[in-house]
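# Geometric and topological summary
The residues making up each chain are set out below.
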Amino acid sequence: MSEIVSTVLRVGERARSIAMFNPRPFDLAKWNLKNLPRWEKTLKQSIEYDAGDITAAAVYADPELLYRLMDNLVRNIREHVSEKAGCRITLVRRQNGVVLTVADHGPGLSPTVIESLNREGSRSKAAGVGINLCLKIAEICGLTLSFANAPEGGLAIEISFPVKPSA
């Protein structure tokens, strides 16, 4: 709960001042490996991680806010999906940047909620505070979240990091 309050306070600070938003370039592949044990501790089980052949993925974001977003997604799995549902995090390259996906093997969400969450500027009461907080963090960070029910079951949330335009 204290981490949620901390995140909400940071989001509130962002509304009042840019000083609390500190984006910088970093290697997302290494960052994931560093934080994976922390998320496993949050989830209280192993997380399957797959970055394919990606050994480095330069992104421009606020690593602390991104950590809060990822940690909240993992907490949502722990709190709202069966303990045995598991979690998989993947990192892939796409033409327009890199995508980090957090997926569980639970029941997923209703198609109506998925559609609502994917509508730009939309916030769904049915999705709860956790996912709406993630949407707000992504908005502050200039990231895009996409929601889908995976064909094999479970909810998959993609976090898209655009290629930073060269100056």
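Definitions and cut-offs
- Residues numbered from 1 in each chain as written.
- Predicted model: local features only at pLDDT ≥ 70, side-chain atom pairs only at ≥ 80, totals over all residues.
- Heavy atoms only, no water.
- Helix = DSSP H or I, 4+ residues; strand = E, 2+ residues; numbered from the N terminus.
- Buried < 20%, exposed > 50% of the residue type's maximum accessible area, 1.4 Å probe, protein only.
- Contact = heavy atoms within 4.5 Å.
- Polar contact = N/O pair within 3.5 Å; in protein donor to acceptor, adjacent residues only side chain to side chain.
- Axes fitted to C-alpha atoms, helices over the stretch in contact; angles between N-to-C directions.
- Left-handed = near helix turned anticlockwise from the far one by under 90°.
- Nonpolar A, V, L, I, M, F, W, Y, C, P; charged D, E, K, R; others polar.

So, on to the overall build of the chain. When helices and strands are tallied, the chain shows five helices and seven strands. Its helices and strands in sequence order give the chain the pattern α-β-α-β-β-α-β-β-α-α-β-β, from N to C terminus. Burial statistics for the chain: of 167 residues in total, 47% are counted as buried. Long-range contacts, defined as pairs at least 24 residues apart, comprise 68% of the intrachain contacts of the chain with a sequence gap of at least 6.

Before going further, it helps to spend a moment on the environment of Asp71. As for its placement among the helices and strands, Asp71 is situated in helix α3 (residues 63-80). Given the relative accessible area of 2%, Asp71 is considered buried. Distance from Asp71 to Leu36, taken between C-alpha atoms, is 9.9 Å for residues 35 residues apart in sequence. Separated by 3.0 Å, the side chains of Asp71 and Thr42 make a polar contact. Only 2.8 Å separates the side chain of Asp71 from the side chain of Arg75, close enough to count as a polar contact.

Now for the environment of Thr42. With respect to the helices and strands, Thr42 occurs in helix α2 (residues 28-43). Once the C-alpha coordinates of Thr42 and Arg78 are considered, the two residues, 36 residues apart in sequence, prove to be 7.9 Å apart. Thr42 has contacts with Asp71, Val74, Arg75 and Arg78, leaving out every residue within four places of it along the chain.

In this section: the packing of α2 against α3. The N-to-C vectors of α2 and α3 enclose an angle of 40°; their axes lie 10 Å apart at closest approach. In this structure, α2 meets α3 at a crossing whose hand is right-handed. Listed contacts from α3 to Leu28, Trp31, Asn35, Arg38, Trp39, Thr42 and Leu43 of α2 are Pro63, Leu66, Tyr67, Met70, Asp71, Val74, Arg75, Ile77 and Arg78. In terms of residue class, the contact of α2 with α3 is built from 10 nonpolar, two polar and four charged.

On the secondary structure map, Asn32 appears in helix α2. Classification of Asn32 as buried rests on a relative accessible area of 1%. A polar contact of 3.2 Å, which involves the side chain of Asn32, links it to the side chain of Tyr49. Not counting residues up to four positions away in its chain, the partners in contact with Asn32 are Trp39, Tyr49, Leu91 and Leu100.

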